[in-house]
Structure formats: structure tokens, C-alpha cells
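Chain by chain, the residues:
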Amino acid sequence: MLDTLLIVLAGVLVVFGLLILLLILRTRAFSGKTPAIPQVELPSIDAERAAEHLANTIRCETLSNPDVAKINLAAFDQLHQTLETDFPLLHRHLRKEVYEGHNLIYHWEGSEPEMAPILFMAHQDVVPADPSSLDRWTHPPFSGAIVDGVVWGRGTLDCKSQLVGVMEAVENLLQQDYQPERTIILAFGQDEEIGGLRGQKLMAEHFQQQGIQFAAVIDEGGAILTGQIPGVAAPVALVGNCEKGYLSLQIKAVGSGGHSSMPPKVTQIGRLARGIVRLETNPVPAEMERIIPMFKGMGDKAPFLYRMAFANLWLFKGFLMKKIEASPKMSAIIRTTTAPTIINGGVKDNVLPSEVSAVVNFRLASGDSIASVIEYVKFLLRDLDLEVSVAGDHPGEASPVSSMKSPAFHRLDTCIKQVFGDVAVAPFIMLGATDARYYAGLSENVYRFAPLHMQEGQMDSVHNFNEHITVEQFAGMVQFFIHLIQSWSRASWVD
Ligand SMILES: [Zn+2]
């Protein structure tokens, strides 16, 4: 009897041991070992001077405005003049094109002009500083004050640092008589903050007409962040390799109104409310696969528990789903989100309205389309007799996903690690929109990344008060762009 029990126990232990072994082997195969990156000497730059150049652009109040007639064009002229003054070599060596208003294109012809060129993007416009929070700025939003190693003002992060950082890098390389092999193009839009329709959209069409296909594209986007991904302590460089689509739907209940003293069983408001609740409680189904590349990219910097869970979804899918859904930020990565944003109806407390409506905003994850989301919404609301129509002017599909296995990404990944040290590099889905979406058809390698280690509080200052960047952070951006230009502009991408 005892023998049998021992044999059974041993059998259970063996099975259990094999299971643990399988989990560990799969976990190791999931993330692998992060290969060592060769150290390089970083280019030396004059950080104070670079910061001055950035501050000079902050003082140009290049505000975007949905009412195009109200845009202060003189501020954009002033910005262009400032750039000419501060980057004399760049303006002497690169061909400048002012396109459709105040968009800026610079061409730096490579020694191998038949090779696919590289594109560096940024935008010139900034959002206004909210008048109600003006007194909360430590230094006024357009002062470009440099105090104790910090540059203050609107645009220091979003995104004049990206624009000036690239120009500073080009100027620095020209000082060293650097000659790129591939042609380098800089394209700086005038209206990203209001949709880019008169900016990068037109420039992308302009490049398309010339038959240009870019070997790689970089625009603003993710940054190096610490503590933003639940459970991950290491700094992670989040490189946006796709962005979500955009769709707003109007949901309308139309029927009989009347006097509130004799209400029907279901009113128009009740019907609409039911519809909204149904949409909220039945979000578009999530797909765990959408977040896997991010954790895979983090390699052994991701916590063991997560790596094991992702490597063994057959066992841990439920656990992971619970973890991810607990955080709205993470949950938005794995699904098309549903957000009721406007509700309208009723005028008087004793009158039943005959028509009420709501707008629900969806951010489309790749794999879902405008058509499939509309179909899903109509399916959910099928028995409620609600009208569903597209609201707003700019529905857009999710962008294609750029490869994280391409030589272009490999070079980007290496540059990030060489300049910023021991950070994990991971792809992620941009939850908001950037101008880079207009280049989906112009390059297979479109990446969205601001090369700086964003500190706590800094991220919240974007589109808010007290936007600032440290002189050191900005110097790092310039070094990164010098490094990336040299890496990407080589004709051969085989090391
Ligand atoms: Zn921006």
C-alpha cells in the first residue's frame, strides 16, 4: 500500500517537475538573453549652446489654431529666421524648401543618391498655454528661460526639442565635414496639433509624387520611461511602431416625445442610455497578442513572472488578462477602446425629448477596422432601434505595424542603448495620433520615438503647464540624433 502511494507521489512529482521545466524553457525561449551592445564614444557637443538654440525657438509663438485664419503666420516666419541664424552651415549645405505655407523640408544629398533616403520628422506648431493656468508656470510659457540647467516653455518637449535636436545634429556633423551616403530629408510640419492636414499630409503626398520610398522614418512618439509599465522597474525606451485608428460614432434615439406626466415604459433617454451601457459593458474584444511584442522586446528586463506568463499563455492567459485590464493604459494597448464623450438631449424637466444622441469615440487597434467596429456596434445595438452614423471629419484606420526585426529597427535599438545605456527597448502602440501615420505607404520602417529619459512629472507637463526639458536631456537628444544619422545614413545596413 505504502509502495503504491510512494510510486504515485513520485509520478506526480515527476510530472510537476517536467511542467516547471517546460515553463522555464519556454520562458527562456520567449525573451532570450539581451546581447551585449558595443560601447561607443559619444560625440561631444556644446550643451549650453544647443540649449540656447532650443530656447530661441520656444520664444517664437508658433501656435496652432483650428481656425486657420487666426494663425499668427509672423511667428512661423520668425521661427524660420531664428533657425537660419542659429544653423548657418545647415542652411548653406542643405536645400531648403518652404512647402504649402510654412512647412519646412531640407534635403541633404547623400553620396549615393540612388539609395532610399532617411526621413527625420518633427512639427513646428505648439498648443496654446491655457490662460487659466498661466500663473502656475514657474517661468512664462514663451520665455524660453534657461534657469539652473532647465529650459522652460511650451514646445520644449512637444516637440521643438525633436526639431532643434535634429538640426543641431546636422550642424554638428557638417562642422566635421560629415557626408552621408544615403540622402537625408528633414520634414517639419506646420500643423500637427490640429491634425497635420496642411502639413505632413501634404508633404507625404509631395514625396509620394516624386516616387520616394524612405528606408526609415523617425518622428516624435514614445520616450524612455521608468515605472510606467506595471511590474517593470527598469527604464524602457518605448518606440511606437504603429498607432491606433480613430472613429467617432453618433448614436441617436428618435421616437415619440410628449408630456412627462404620462411617460411610456421606455423613453428615448432610457433607450440611448441602454445602448451606451451595452457598448461600455461589451467592449470590442481584446487580443493579448498585441501586447506580447512589448514584453518580448524588454527581454530579461521584464519581470520573470510576466515573461513566464507570456511565454505560457495556454496556462496564464486569464491571469494576464486580469492584470492588464486593471490598468486603463495597458488595457488600451490590447483592444479598440470605447469612450462615450458627448451626450445631448432634453430641454425642460417636464418634457420628454423625441430625439437624444451621444457620441462614442473608438481608438482602433490594429486588426480592427472602421467597418468592423461599426458592424460590431450595430450588432450590439440591434434590438434597440438606435441610429448609428459616423461623427466628425477624420475617421482613420489603425496604421500598419512597422517591423521590429528590420535592420532599420536593429540600428535604432543599438543607437538607443549606446547613447542611453542600460535600457530595454520595446515596441508599443501609440494610443494617440501623430503625423507619422501619413507615411505609412512611404516606408516599411516608421518609428515614433523622442530620445530622452522622461522624468516623473515631465510627461504630465506636455500640453499642460510647466513644460520643460533639462539641458542635459536635450544634449542627449542631440547626441542620439548625431549617432542615428550616422548609423542610418550608411548605404549598407549589414554590419
Ligand atoms: Zn507633438
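Remember, predicted model here, so these are calculated numbers, not experimental data. In this numbering scheme, every chain counts its residues from 1 along its sequence in written order. Reporting in this predicted model follows two pLDDT cut-offs: at least 70 for local features of residues, and 80 or more for side-chain atom pairs to be given and counted; totals over whole chains, interfaces and linings ignore these cut-offs and use all residues. Note that water and hydrogens are dropped before the side-chain values are worked out from all heavy atoms of the structure.

1. A look at helix α2 (residues 47-58)
To keep it simple, the criterion reads: Every helix listed is a DSSP run of H or I at least four residues long, and every strand listed is a run of E at least two residues long, numbered separately from the N terminus. To estimate the expected span of a helix, subtract one from its residue number and multiply by 1.5 Å. Under the scheme applied here, a residue whose accessible area is under 20% of the maximum for its type counts as buried, over 50% as exposed, and between as partly exposed, the area being computed with a 1.4 Å probe on protein chains only. Throughout, a contact is declared for two residues whenever any of their heavy atoms are within 4.5 Å.
Taking 1.5 Å as the rise per residue, α2 with 12 residues should run 16 Å; its terminal C-alpha atoms sit 17 Å apart, in good agreement. Along α2, the residues that are buried comprise Ala50, Ala51, His53, Leu54, Ala55, Thr57 and Ile58. Against α3 (73-86), β4 (146-147), β5 (150-152), α5 (160-175), β17 (468-470) and α14 (471-488) lie the buried residues of α2.

2. Here's the deal with the packing of α2 against α14
For any two helices packed against each other, one specifies the inter-axial angle together with the distance between the axes. This is how the line gets drawn: Whenever a helix is involved, its axis is fitted only over the stretch in contact; in every case the axis is a line through C-alpha atoms, and angles between N-to-C directions fall within 0 to 180 degrees. Any angle that is under 35 degrees is reported as roughly parallel, and any over 145 degrees as roughly antiparallel; angles of 65 to 115 degrees are reported as roughly perpendicular and all others as oblique. Residues are grouped as follows: nonpolar covers Ala, Val, Leu, Ile, Met, Phe, Trp, Tyr, Cys and Pro; charged covers Asp, Glu, Lys and Arg; every other residue, Gly included, is treated as polar.
In the contact formed by α2 and α14, the axes pass within 9 Å of each other and the chain directions differ by 95°. Looking at the two axes, α2 sits roughly perpendicular to α14. Within the contact between the two elements, α2 uses Ala47, Glu48, Ala50, Ala51 and Leu54 and α14 uses Val471, Phe474 and Ala475. Residues belonging to the contact of α2 with α14 are distributed by class as follows: 7 nonpolar, no polar and 1 charged.

3. Focus: the packing of helix α9 (residues 304-311) against helix α10 (residues 313-325)
Between α9 and α10, the shortest axis-to-axis distance is 7 Å and the interhelical angle comes to 125°. Put simply, α9 runs oblique to α10. For the pair α9 and α10, contact is made by Leu305, Tyr306, Met308, Ala309, Phe310 and Ala311 and by Leu313, Phe316, Phe319, Leu320, Lys323 and Ile324, respectively. Residue composition of the contact of α9 with α10, by class: 11 nonpolar, no polar and 1 charged.

4. What about the environment of Asp368?
Formally: We call two N or O atoms a polar contact when they sit within 3.5 Å, provided that within protein one can donate a hydrogen and the other can accept it, with sequence-adjacent residues counted only if both atoms are side-chain atoms.
Relative to the elements of secondary structure, Asp368 occurs in the loop between β13 (355-364) and α12 (370-380). Not counting the four nearest positions on each side in its chain, Asp368 is found in contact with Val284, Arg290, Thr336, Val373 and Glu397. Separated by 2.7 Å, the side chains of Asp368 and Thr336 make a polar contact.

5. Side note on the domain arrangement of the protein
Many descriptions give the size of an interface as the accessible area lost when the pieces come together. Here is the rule we go by: Start and end points for every domain follow an automatic or database-based domain assignment. Once two parts are joined, some of their accessible surface, as seen by a 1.4 Å probe, is lost; buried area is that loss totalled over both. A pair is scored as a salt bridge if a Lys or Arg side-chain nitrogen falls within 4 Å of a carboxyl oxygen belonging to Asp or Glu.
Taken domain by domain, the protein holds domain 1 (47-242 + 399-488) and domain 2 (245-395). Placing the centre of domain 1 and that of domain 2 at their C-alpha centroids yields a distance of 33 Å. Contacts between the two partners involve 21 residues from domain 1, matched on the other side by 16 residues from domain 2. Both sides of the domain 1 and domain 2 interface together cover about 1500 Å² of buried area, and 70% of this is carbon and sulfur. Between domain 1 and domain 2 we count 1 salt bridge in total. The shortest N-O distance in the salt bridge between Lys301 and Asp422 comes to 3.0 Å.

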